[in-house]
2 protein chains.
Amino acid sequence: MASGMKRPIHEIEIVGFETYDLRFPTSLDASGSDAMNPAGDYSAAHVRLKTNITDLIGHGISFTIGRGNGLCTAAARMVAERLVGKTLGELTANMGKTWRYLVSDSQLRWVGPEKGVMHLGLSACVNALWDLWGRYLNKPVWKLVSDMTPGEFVACIDFRYIRDAITPEEAVTLLKEQEPTKKERIRIAEMNQAVPAYTTQAGWLGFSDERMIELIQENLATGMDKFKLKVGGNIEDDKRRLKIAREVIGYERMLMVDANQVWGVQEAIDAMKQLAEYKPTFVLTSLEDFR
Amino acid sequence: MASGMKRPIHEIEIVGFETYDLRFPTSLDASGSDAMNPAGDYSAAHVRLKTNITDLIGHGISFTIGRGNGLCTAAARMVAERLVGKTLGELTANMGKTWRYLVSDSQLRWVGPEKGVMHLGLSACVNALWDLWGRYLNKPVWKLVSDMTPGEFVACIDFRYIRDAITPEEAVTLLKEQEPTKKERIRIAEMNQAVPAYTTQAGWLGFSDERMIELIQENLATGMDKFKLKVGGNIEDDKRRLKIAREVIGYERMLMVDANQVWGVQEAIDAMKQLAEYKPTFVLTSLEDFR
């Protein structure tokens with residue numbers, strides 16, 4: 001938020017929105033290619049929530065890989081309409097309630113609400129709302145969340161379909177038990193060491209061996225030590241690529257594989273028996289997409 | 001199909017399609033209202049697959065309850081494009097393979113493929129293809145299906161994600177075991193007695209007691225003996241409505257209730273304890289929508 005007098009959160013009103021159907025032609029060089037998705041164009045449905053403060057705008061995106069992005073952007077517009085006229089104060093007072101409100105437009109709920117196109121449209125809007133809240137408070141969202149009390153944090157969740165697995169009270173208790181180590185964990189986060197990251201940059205299925213090697217070496221030079229390769233095309237190709245990757249990174253660094261849902265259960269077992277010698281840390285082969 | 005010389009199925013080509021975003025203002029009189037969906041406008045994404053035979057057109061719909069229908073219609077257009085230029089022969093030679101083809105457009109698969117908007121668009125197209133096949137053969141689809149051999153029937157299914165639960169061979173064996181009673185079951189179907197039906201026509205949550213009673217009586221007069229009421233609003237209202245319904249239909253006829261996902265597990269248990277005295281045959285309260 002711009003400097004100057006800070007207006008109270010209940011006076012910050014969402015007055016409109018813009019959406020953008022952003023697409024990048026990643027299919028041209030096979031970036032992002034995997035066994036299920038040979039030619040994706042990495043894309044985002046981008047939502048901008050505008051407020052009565054000219055330069056206070058919340059940005060949110062949801063990720064897709066191409067043509068379906070138009071549907072997600074259209075869905076995001078339908079959801080964003082429901083935020084217009086509301087204040088940041090009322091929307092963030094209880095984010096769980098706001099989520100419930102956003103999934104309760106029954107005509108849209110029918111075609112979602114927590115799956116596929118509608119879920120992706122919804123997430124772009126909710127991400128924009130979190131971003132707007134963070135910008136208003138002049139904090140990154142992770143800091144906004146970690147500054148919450150256990151009760152405030154738990155109130156961000158709609159417990160309707162999970163109350164039988166965990167109640168809000170149980171969730172608060174869990175978080176309170178972790179409070180003694182919270183300060184130390186925030187310190188680690190501030191050193192940018194809280195979440196180990198891996199890269200798939202070198203591992204796209206459509207890349208030549210030469211390109212894969214070159215990109216792994218570039219990544220190693222930056223200190224990256226965790227890699228993921230796409231698999232699930234031809235098993236002989238998978239074996240060759242994993243062998244090469246291990247030759248370049250050794251066996252001390254972490255190597256993961258991802259078959260992007262092309263395998264059934266038995267296929268996954270059979271394939272992994274053949275890839276086991278290259279010691280993958282894990283295999284991603286979700287049998288159904290969980291979005 | 002029109003009379004005259006019948007062209008071979010491999011010469012029937014899908015040359016184009018039309019889609020219609022059909023909406024009916026059912027919210028005006030609370031038809032279709034339930035605890036989750038108080039004001040739905042019953043709608044359909046309608047697909048017409050056109051062929052090189054002028055009057056041979058396949059019709060398919062998927063159902064929604066309003067604004068989301070525009071997204072489904074847009075999704076259906078994206079899927080239908082992939083059928084253009086193909087022949088009815090190649091598409092129906094193996095419907096399981098055709099399904100796999102239709103869900104394998106990876107840019108669209110990313111936002112579906114077997115859930116929500118994309119699934120609904122897909123189903124309108126696949127329904128249209130089945131309809132086209134039936135019209136070409138001059139058979140209703142149920143007859144087309146029941147005339148299949150076990151092997152032909154099983155080939156209509158893509159086993160990718162279910163092979164660990166049942167293999168195509170096991171499915172064929174199951175069907176072969178049922179063959180001795182098949183003829184008798186077809187005879188019952190031809191008498192229109194194969195599938196017991198219930199009606200929710202009287203049971204929408206937004207209807208007055210008077211309207212509910214009137215509609216139940218109209219249904220009884222036609223011989224209908226199975227009813228479903230929407231529940232899940234106010235429990236006292238639910239009890240009153242079930243009591244009235246039982247007074248009109250008695251306890252010999254079947255009465256079901258449907259809370260349309262508004263309840264969590266414990267809420268469902270608590271509510272059903274209070275409604276048990278009205279002996280509902282079942283309660284629908286899916287905790288998450290399964291589309």
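Residues numbered from 1 in each chain as written. Chains lettered and ligands numbered in written order. Predicted model: local features only at pLDDT ≥ 70, side-chain atom pairs only at ≥ 80, totals over all residues. Heavy atoms only, no water.

Caption draft 1: Region of interest: the interface of chain A and chain B. Counting from both sides, the interface comprises 43 residues of chain A and, opposite them, 43 residues of chain B. Regarding the contact of chain A and chain B, the summed buried area is about 4,000 Å², with carbon and sulfur atoms giving 55% of it. Per-residue buried area on chain A facing chain B is highest for R67, Q107 and W110 of chain A; these three make up 22% of the total on that side. Taken together, the connections running from chain A to chain B amount to two salt bridges. The interface formed by chain A and chain B contains twelve residue pairs in polar contact (both at pLDDT 80 or more). Put simply, the parts of the chain that give the side of chain A that touches chain B at least two residues each are β3 (57–64), α1 (69–80), α4 (106–109) and α5 (116–137) of chain A. With five residues, the top contributor of residues to the side of chain A that touches chain B is α1 of chain A. The residue makeup of the side of chain A that touches chain B, split by class, is 21 nonpolar, eleven polar and eleven charged. (Contact = heavy atoms within 4.5 Å. Buried area = accessible area lost by both parts, 1.4 Å probe. Salt bridge = Lys/Arg side-chain N within 4 Å of Asp/Glu carboxyl O. Polar contact = N/O pair within 3.5 Å; in protein donor to acceptor, adjacent residues only side chain to side chain. Helix = DSSP H or I, 4+ residues; strand = E, 2+ residues; numbered from the N terminus. Nonpolar A, V, L, I, M, F, W, Y, C, P; charged D, E, K, R; others polar.)

Caption draft 2: Highlighting the relation of the copies chain A and chain B. For these two chains of identical sequence, chain A goes onto chain B by a turn of 180° and a shift of 0.0 Å along the axis, with RMSD 0.0 Å. Viewed as a symmetry operation, the transformation between the two copies matches a two-fold axis. When you check the interface residues of chain A against chain B, 100% turn up at the interface there too, and the contact is symmetric in its surfaces. (Least-squares fit on C-alpha atoms with pLDDT ≥ 70 in both.)

Caption draft 3: Fine view of the packing of helix α11 (residues 235–249) of chain A against helix α12 (residues 265–275) of chain A. Residues and elements named next belong to chain A. Running from N to C, α11 and α12 point in directions that differ by 35°, and their axes come no closer than 10 Å. For the pair α11 and α12, the crossing hand works out as right-handed. Counting all contacts with α11, which are made through I235, D238, K239 and L242, the residues of α12 involved are A271, Q274 and L275. Looking at side-chain class alone, the contact of α11 with α12 contains four nonpolar, one polar and two charged residues. (Axes fitted to C-alpha atoms, helices over the stretch in contact; angles between N-to-C directions. Left-handed = near helix turned anticlockwise from the far one by under 90°.)

Caption draft 4: View of the domain arrangement of chain A. Residues and elements named next belong to chain A. Domain parsing of chain A yields domain 1 (9–147) and domain 2 (209–284). Its C-alpha centre places domain 1 at a distance of 33 Å from the equivalent point of domain 2. Each partner contributes residues to the interface: domain 1 has seven residues there, and domain 2 has nine residues. Contact with domain 2 buries surface across domain 1, with D34, A35 and M36 losing the most and accounting together for 77% of the total. At the boundary of domain 1 and domain 2, one finds one salt bridge. Put simply, domain 1 and domain 2 have two residue pairs in polar contact (both at pLDDT 80 or more) between them. Of the residues contributing to the side of domain 1 that touches domain 2, the split by class is two nonpolar, three polar and two charged. (Domains from an automatic or database assignment.)

Caption draft 5: Molecular detail of the packing of aromatic side chains. Following the criterion strictly, the structure yields ten aromatic pairs over all chains and no others. Considering the side-chain rings of F63 of chain A and W110 of chain B, the 5.4 Å spacing of their centres and the 85° angle between planes classify their relative orientation as edge-to-face. Taken together, the positions of F63 of chain A in strand β3 and W110 of chain B in the loop between α4 (106–109) and α5 (116–137) put the pair across two chains. Judged by relative accessible area, which is 32%, F63 of chain A ranks as partly exposed. Judged by relative accessible area, which is 18%, W110 of chain B ranks as buried. Taken together, the aromatic side chains of Y42, F63 and W204 of chain A together with W110 of chain B make up a single cluster linked through ring pairs. Across the ring face of F207 of chain A, the terminal group of R211 of chain A is positioned such that the distance to the ring centre comes to 4.3 Å. (Phe/Tyr/Trp six-rings, centres within 6.5 Å; stacked < 30°, edge-to-face > 60°. Buried < 20%, exposed > 50% of the residue type's maximum accessible area, 1.4 Å probe, protein only. Lys NZ or Arg CZ within 6 Å of the ring centre and 35° of its normal.)

Caption draft 6: A look at the sheet that holds strand β4 (residues 226–230) of chain B. All names here are of chain B. Strand order in the open sheet formed by three strands is β4-β5-β6, with parallel pairing between adjacent strands. Only two strands of the sheet have a single partner each, and these edge strands are β4 and β6 (283–284). Summarising the sheet, strand β5 (residues 254–258) and β6 pair through two bridges and their orientation is parallel. Bridged to D258 within β6 is L284. (Pairing = 2+ DSSP bridges.)

Caption draft 7: Inspection of the pairing of strand β2 (residues 43–51) of chain A at higher detail. Residues and elements named next belong to chain A. Counting buried residues along β2, seven of its nine residues qualify, which places the element largely inside the surrounding structure. Looking at chain direction, β2 and β3 are connected through eight bridges and run antiparallel. Along β3, the bridge assignment pairs V47 with G60. Hairpin connection, β2 to β3: the antiparallel pair is bridged by five residues.

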